[in-house]
Structures are given as C-alpha cells and as structure tokens.
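Report on the structure
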Amino acid sequence: MAYLTQPDYVKYICSCGQLKPITNLYFCRHCLKIRCGFCICHEVDSHYCANCLENMPSSEARLKKNRCSSCFACPSCFHTLSTRATLARDPAGGDGKPPKKMYYLSCFNCRWTSRDVGIPDQPVASGGWPERTNPFTSRFNQLLEYYKAIAQQEKQEKLDKERKKFVTRGKYINLTDKTGLTGAMARNIAGLPSSESSSTVISNFVPSQASADVEELPEDYHLKEIDLKQITRMSQRTSCPELQPSLASRLSPRPRALCVKRSQRCRACDHNLTKPEYNPGSVKFKIELLAFYHVPEVKIISYETIKPGGTSALLLKLSNPTAHEMTIRMLQPEDVPDTEEEHKSIEKTLEKSLSLEKDVSWNACFPRRPPPPRAGSVGLPAVSLTLAQRDDAAEYDDEPPGDNDDIILWRKSNKLALRLKLTTDPEARVGTAAYFSFAIQYSYRNTVPPSATVVQHSDHTLYTTVILDLGKVCE
C-alpha cells in the first residue's frame, strides 16, 4: 500500500533490514529473497534523450557531457524549446535577392524566444546555437589539472609503499632496476601522465589569494528602482551554475540532460532483477522482477482509534499477484526463522563492490536489521488462508463476494478481506506512533527452471514481515 503524496502506511522488511513499501522492493527468483535499493547493483546500459529519444553509447555521451545537442530547455520556465522558422531578407543583398529561411528557438509555455536575449537566428534548424563563454574557464581548467595531479601523486605514493613491503629482490640486478624503465613504460601503456609532468603541474600552480580591496557599490544602488521582470530567480541562476546570470537579458538556452537505461542486478547471486528493453516495440528480453508481482500485497481498509490498553478492529485486504494458487499463514515476527547468514553475505558483497575498508565498526553502532517497533500485538488467525491465482478477467465479474465469517469478511477472485483484533500495550504513551507488525508465511512456485534439463517447477515456503503505520496513539 503506497501513495505518491501520502505516507507509506504498509512497509515490508527487506532481507537487509530496511523498511520499504512494496513498490520500492524487488524479488530475486534465484535466491528467493526480497531486495531493496541497497541490495542491488545499478548498471548503466545506454544513454538517451527523453525529448527526441536519440540513443547513444556511453563514450559519445561522455564526449557530449551527458547533454543532447539538438534539444534545449527554456531558461525561464525550463520547458523544452521548439524551433521556429521565419523568412528574413538579407539587408546587404538588396531587394532583388529572395528572402532566406532562418530559425530561432521559442517556448510555447512562457513565450520566451532566443531573440529576447540577442541570440542571432541560425540558417539551419539542427543547431549551432552560440553559447556564452565562462570568463573563469581557464581557472577551472587549472584547478582540474592540479587536483588530477595531486590524486595521481597520492596514488603513486601508495603503490610505491605497497611495493616496498612485498617486493623480494633476487641475487642479480636487472637492467630495469638500474634505468627505471618499468614505471615509465607502464604509465605510457596505461595512458597516464608521467610523474615528472604531475610534479611540474603541482609546482607551477598559483593558488588563489584573497584581497581586501572590494569595489564600492554605486551611489544610487539603494535608491534605484528594481524591475523584477529583469532580475532572474534563484532557480534560473542555479540551472546555469557556471554563469549564474543575474539579469534576464543574460539567460541562454540550456541543453537537455540525457537519461539512462539501467539494469539492476542482485548483489548476492548476480542475476538481473530489472533490465530495460532495447527495442520499444518488443518486450521479449525485458526483465522486471518487482516485489508486487511475486509477494502478497497487504492493504489497510479501515481501523478504529488506537488507545493505550484497549482493543480495536483492523480490516486488511490481501491479494495474490502470482499466476498460481497461494497459501498464506499469518505469524508473529518472532516466529520467523533467523536469516543472519543472509545479512552477512549481503554486507560482504556490498563491501567488495564499493571497495570498503575492512573496518566494520560502524555495523555495531548502526545495526542493519532494526527491531520492528510495535505499540501492541495483532490477533492473528490460527488457520491457513488460500488465495486463488490472479485473473484479470475476474475483476469485471458481477458475482457477489463470498466467504463471510468472523475472520474473512469477503472473498473475490485473488483477493480477500480480513478482520483482525489489535491489542495496544498499557504502557503506550499518548501521541507516539502506533506501529503494529506481523509476519506472512506464503507458498511460492518458482517458474525459473534450475537447469536446461529440469523443467519441473519447484514450490517454496517463504516469509516476509509487514509493518503497519496506524497513526498516533490517542487518549
């Protein structure tokens, strides 16, 4: 149960201990675990422009600084600019020369045009729009080369220190030890700058110096009337951080940033969880192992006011998103089998992928699996519940819901509604969050065969823990 503008009233506990709504979780069909954004690896497959849908490889996107060369954003309202054509007569050609078609940029939302800021019209519609030059470009390049040289020097010092620890010298001296050609040849092969060039950049760098001489403000600075139409907003200045124009006449169109198609991979088994399709007309190779396609979904229908030491009714709706019959049994969170080994394997793969240090003292201060906070207990049914397989056509049936008893209010297709009893602790303070939790044991049929020779599907019994946010404890 997740909303765009409201809090997440129902959250699931991931295999790493994070609390997430079901819309932000994934399900790995190979290791049969629920995964969140911290349990997966993100891989960029390709870059594309969201406006013109042009695909480009990563090398080309890096050269274009992750910007599209043909799509521009309005500097005033940030909508996509459109190219308009007009006929303009060359003043030097005289009256006998026919008019020439020229192009300019225009915004259909705020009516901003490139002519408003003095950008000349272009003879082609593909581009070639002039960009304002940054007066501090040379200084930025010097700082970039300086920090690159420092990083290269520190990396080389670290490698030399490690080499001195483990290098064992033989009885005879090689020619490379005398001349030192090995390090220079390795740098040339790898395309890295030599140590002499990095030291030269560091020695020739001139640091910035603060000056006490500040230009005085003009005399009419506080008396001159301000025209708000000619002053840029904060959002307009931050959209162009290298120039930060203060006047509207200095605005210039910004190229659209590129979007990425990414695939997400499980950290434990390295299998794909999501993979976009390369051809929009075909979904044959598309992978979307989202949790709400494989895990039973819990929704809150209604509940009574939560009071300390009192009892209240809770109405829940359970649904089966899979294409097979599912058996569900509701348990207390402490009855779920421990998966501490799974947590350790996820942490090891996380440290390996991020190249973290061996010091894991942070894990003692910040536990990966927090205990579920509870303001009371949930009275769970002692029987197993059976949910039919998902049938999209059954949503339009006119049959009335069935199974009306003390526990199950109604049942329709792959959904059923439950009536549960909540018991709040007498020590619960008024105004605190009312959290209730329970575990779900459900049957899952894995449709992924373990090998090419074995086609038979396997059934598994899985567990998940659900946290319910029922507002505040009232008087």
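Residues numbered from 1 in each chain as written. Predicted model: local features only at pLDDT ≥ 70, side-chain atom pairs only at ≥ 80, totals over all residues. Heavy atoms only, no water.

1. Notes on the overall build of the protein
Threshold: Each helix is a run of DSSP H or I of at least 4 residues and each strand a run of E of at least 2, with the numbering of both proceeding from the N terminus. For the exposure calls, accessible area comes from a 1.4 Å probe over protein chains only, and a residue counts as buried if that area is under 20% of its type's maximum, exposed if over 50%, partly exposed in between. Any two residues whose heavy atoms approach within 4.5 Å at even a single point are treated as in contact. Values of accessible area rely on a 1.4 Å probe in the Shrake-Rupley scheme; residue burial ignores everything except the protein chains shown.
For the protein, the helix and strand inventory stands at 8 helices and 22 strands. The proportion of buried residues among the 475 residues of the protein is 30%. Counted over contacts in the protein with a minimum sequence separation of 6, partners at least 24 positions apart contribute 64%. Per element, the accessible surface of the protein, about 31,200 Å² overall, is 53% carbon and sulfur.

2. What to know about the pattern of salt bridges
A side chain with one charge can pair with a side chain of the opposite charge if their charged atoms come near. For clarity, the cut-off: We define a salt bridge as a contact between a side-chain nitrogen of Lys or Arg and a carboxyl oxygen of Asp or Glu at a distance within 4 Å.
Throughout the structure, instances matching the rule amount to 6 salt bridges. Note that Glu43 and Arg265 form a salt bridge whose closest N and O atoms lie 3.0 Å from each other. Of this pair, Glu43 sits in strand β5 (residues 40–48) while Arg265 sits in strand β11 (residues 259–266), and the two are 222 residues apart along the sequence. Under the relative-accessibility criterion, Glu43 is labelled partly exposed at 29%. Residue Arg265 is classed as partly exposed on the basis of its relative accessible area of 23%. We note a salt bridge from Asp45 to Lys275, for which the minimum N-O separation is 3.9 Å.

3. Here we look at the environment of Ile119
One can find Ile119 in the loop between β9 (100–106) and α2 (137–166). By relative accessible area, which is 9% here, Ile119 ends up buried. Considered as a pair, Ile119 and Leu105 are 14 residues apart in the sequence and their alpha carbons are 9.3 Å apart.

4. Some words on the packing of aromatic side chains
The condition that has to hold: Aromatic rings from Phe, Tyr and Trp, with only the six-membered ring used for Trp, were paired whenever their centres fell within 6.5 Å, and each pair was classed as stacked if the ring planes differed by under 30 degrees, edge-to-face if by over 60, and tilted otherwise. The rule for a charge over a ring is simple: NZ of Lys or CZ of Arg within 6 Å of the ring centre, and within 35 degrees of the ring normal.
Inspection of every chain in the model, using the stated rule, returns 4 aromatic pairs. Look at Phe292 and Tyr293: their rings are 4.7 Å apart centre to centre, the planes differ by 70 degrees, and that puts the pair in the edge-to-face class. Overall, Phe292 belongs to the partly exposed group, its relative accessible area being 25%. Every member of this aromatic cluster is reached through a ring pair, and the members are Tyr146, Tyr147 and Phe205. Across from the ring centre of Tyr48, 5.9 Å away, lies the NZ or CZ of Lys261, which sits over that ring.

5. Concerning the sheet that holds strand β21 (residues 433–446)
Strand pairs in the sheet, formed through backbone hydrogen bonds, run parallel or antiparallel to each other. The condition that has to hold: Pairing between strands is defined by DSSP: at least two bridges between the two strands are required.
Taken together, the 6 strands give an open sheet; going across it, the order is β2-β1-β22-β21-β16-β18, and neighbouring strands pair in antiparallel fashion. Both edges of this open sheet fall to β2 (19–20) and β18 (385–387), since each of them pairs with a single strand only. Pairing analysis gives 2 bridges linking strand β1 (residues 10–13) to β2, with the strands arranged antiparallel. By the bridge assignment for β2, Tyr12 is matched with Lys20.

6. Structural notes on the nonpolar core
Rules: Only buried Ala, Val, Leu, Ile, Met, Phe, Trp, Tyr and Cys residues count toward a nonpolar core, and they belong to the same one when joined by side-chain atoms within 4.5 Å.
With 42 residues, the main nonpolar core has Val298, Tyr442, Leu468 and Leu470 as its most contacted residues. Mapped by element, the contributors of at least two residues to this core are β1, β14 (297–303), β15 (311–319), β16 (326–331), β18, β20 (415–424), β21 and β22 (458–472). For Leu470, the contacting residues outside a window of four places in its chain are Ile300, Tyr303, Ile306, Leu314, Leu422, Ala434 and Phe436. Formed by 10 residues, the second largest nonpolar core is a distinct cluster that contains Cys77, Leu81, Trp112 and Trp129.

7. Quick notes on the pairing of β20
Strand direction decides the pairing type here: β15 and β20, joined by 9 bridges, are antiparallel. Each bridged residue has a counterpart across the sheet, and for Ser312 the counterpart in β20 is Leu422. Pairing analysis gives 4 bridges linking strand β17 (residues 376–379) to β20, with the strands arranged antiparallel. Of the residues in β20, the one forming a bridge with Ser377 is Thr423. Here strand β19 (residues 408–412) pairs with β20 via 4 bridges, running antiparallel. Its bridge partner lying in β20, Ile408 is registered against Leu418. Between β19 and β20, which pair antiparallel in sequence order, lie 2 residues; one of them, Ser413, sits at a positive phi of approximately 55 degrees.

8. Structural notes on a nonpolar patch on the surface
Defined as follows: Two joining distances apply to patches: 9 Å for like charges and 5 Å for nonpolar side chains (Val, Leu, Ile, Met, Phe, Trp, Tyr), and every residue must have over 30% relative accessible area and no salt bridge.
On the surface, Ile226, Leu228, Ile231 and Leu247 cluster together into a nonpolar patch covering about 410 Å² of accessible area. Topologically, Ile226 is positioned in the loop between α5 (195–204) and α6 (234–238).

9. Comments concerning the sheet that holds β5
Ordered in space as β6-β5-β11-β12-β13, the 5 strands form an open sheet in which the pairing is antiparallel. Each having just a single partner strand, β6 (55–56) and β13 (287–288) make up the two edges of the open sheet. Both β5 and β6 contribute to a ladder of 2 bridges, which runs antiparallel. Paired with Tyr48 across the strands is Asn55, a residue of β6.

10. So, the state of the cysteines
What counts here: The definition used for a disulfide is geometric: two cysteine sulfur atoms within 2.5 Å.
Taken as a whole, this structure holds 0 disulfides when the rule is applied. The thiol of Cys110 is unpaired, and the distance to the nearest cysteine sulfur, on Cys77, comes to 3.5 Å.

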